[in-house]
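# Tertiary structure, described
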Amino acid sequence: MTIGEKIRVARKQAGLTQTQMAEKLSVSRQAITKWETGAGIPDIENIKRISSLLNISIDYLLDDGGKVDKAIIREIIVLEKYNGKRKKVKKDYAVREKYPDAEIYTLIAKQCTLQSEKAIDRAVGLFTAVTSGIPLLGIPELLNELKNLDKEFYLVVKAERQFLVLVSDEFIESRELVQIMPTETNSRFEIGDVEFRNCGKILYA
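To start, this report covers the structure provided alongside it. (Residues numbered from 1 in each chain as written. Predicted model: local features only at pLDDT ≥ 70, side-chain atom pairs only at ≥ 80, totals over all residues. Heavy atoms only, no water.)

## Points about the overall build of the protein
Per the secondary structure count, the protein includes seven helices and eight strands. The proportion of buried residues among the 205 residues of the protein is 49%. Counting contacts in the protein only where the partners sit at least 6 residues apart, residues at least 24 apart contribute 66% of the total. Total accessible area on the protein stands at roughly 10300 Å², and carbon and sulfur atoms take up 48% of it. (Helix = DSSP H or I, 4+ residues; strand = E, 2+ residues; numbered from the N terminus. Buried < 20%, exposed > 50% of the residue type's maximum accessible area, 1.4 Å probe, protein only. Contact = heavy atoms within 4.5 Å. Areas by Shrake-Rupley, 256 points an atom, 1.4 Å probe, with all protein chains shown as cover.)

Below, the structure written as structure tokens:
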């Protein structure tokens with residue numbers, strides 16, 4: 001089962017409606033709906049609260065068929081080596097080079113307005129760092145840290161695995177996702193308090 005399915009089953013076993021659970025966690029009912037339907041993933045603080053409220057272990061919630069130990073990999077890139085006049089095109093090439101046989105979708109990211117949901121922790125959905133000593137940040141922190149730099153987000157689908165990929169002027173960072181996200185154009189999903197919109201496949205690069 002996915003995290004969302006486990007939350008839904010445990011909530012019903014506890015005799016709580018989505019509204020009641022939302023009130024106890026100090027989040028919106030819409031947040032509960034998104035978690036249970038797979039349109040969003042609770043952050044680590046809410047995972048802890050859910051665990052306590054529903055009397056289920058964090059390990060149980062996070063264990064997704066042995067897919068908990070995912071990696072975040074950041075690599076330095078040199079955009080000048082790629083063809084294309086615009087940085088966006090060069091970044092498309094960088095992602096295509098890293099994932100030559102995958103389906104690649106362009107994403108637009110924005111902060112959600114729900115204040116009670118915090119940034120997703122590396123322990124949920126986007127996991128342990130495997131880097132060359134470069135400090136890693138959560139997705140919202142990355143958005144803030146890089147707000148003055150050009151950056152692009154991608155959803156990469158390779159076989160049955162999905163990766164959230166960020167490309168800045170200086171590096172490409174890949175994070176394997178535990179939960180499968182929608183790939184239809186204009187579909188939306190949330191990770192922590194960041195909402196992503198799928199703008200469709202990149203057709204060049």
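## Observations regarding helix α2 (residues 18–25)
Where α2 is concerned, the buried positions are Gln18, Met21, Ala22 and Leu25. The buried side chains of α2 occupy one side of the element, clustering within an arc of 100° when seen end-on. Of the residues in α2, the exposed ones pointing more than 90 degrees away from the buried face are Glu23 and Lys24. As for α2, its buried residues are in contact with α1 (3–13), α3 (29–37) and α4 (44–54). Note on α2: the residue one or two positions beyond its end, Ser26, has a positive phi of about 60°. (Arc of directions from axis to C-beta.)

## What to know about the pairing of strand β4 (residues 151–158)
With six of its eight residues buried, β4 lies for the most part within the structure. Inspection of the sheet shows strand β2 (residues 103–111) paired to β4 by five bridges, in the antiparallel sense. For Thr106, the partnering residue across the bridge sits in β4 and is Tyr154. Across eight bridges, the pairing between β4 and strand β5 (residues 161–168) is antiparallel. Residue pairing in the sheet places Lys151 in a bridge with Ser168 of β5. (Pairing = 2+ DSSP bridges.)

## Some points on the environment of Asp43
Along the chain, Asp43 turns up in the loop between α3 and α4. For Asp43, a relative accessible area of 3% translates into the label buried. For the pair formed by Asp43 and Ile191, sequence separation is 148 residues and the distance between their alpha carbons is 7.9 Å. Here Glu45 takes part through its backbone nitrogen, which lies 3.0 Å from a polar atom of the side chain of Asp43. (Polar contact = N/O pair within 3.5 Å; in protein donor to acceptor, adjacent residues only side chain to side chain.)

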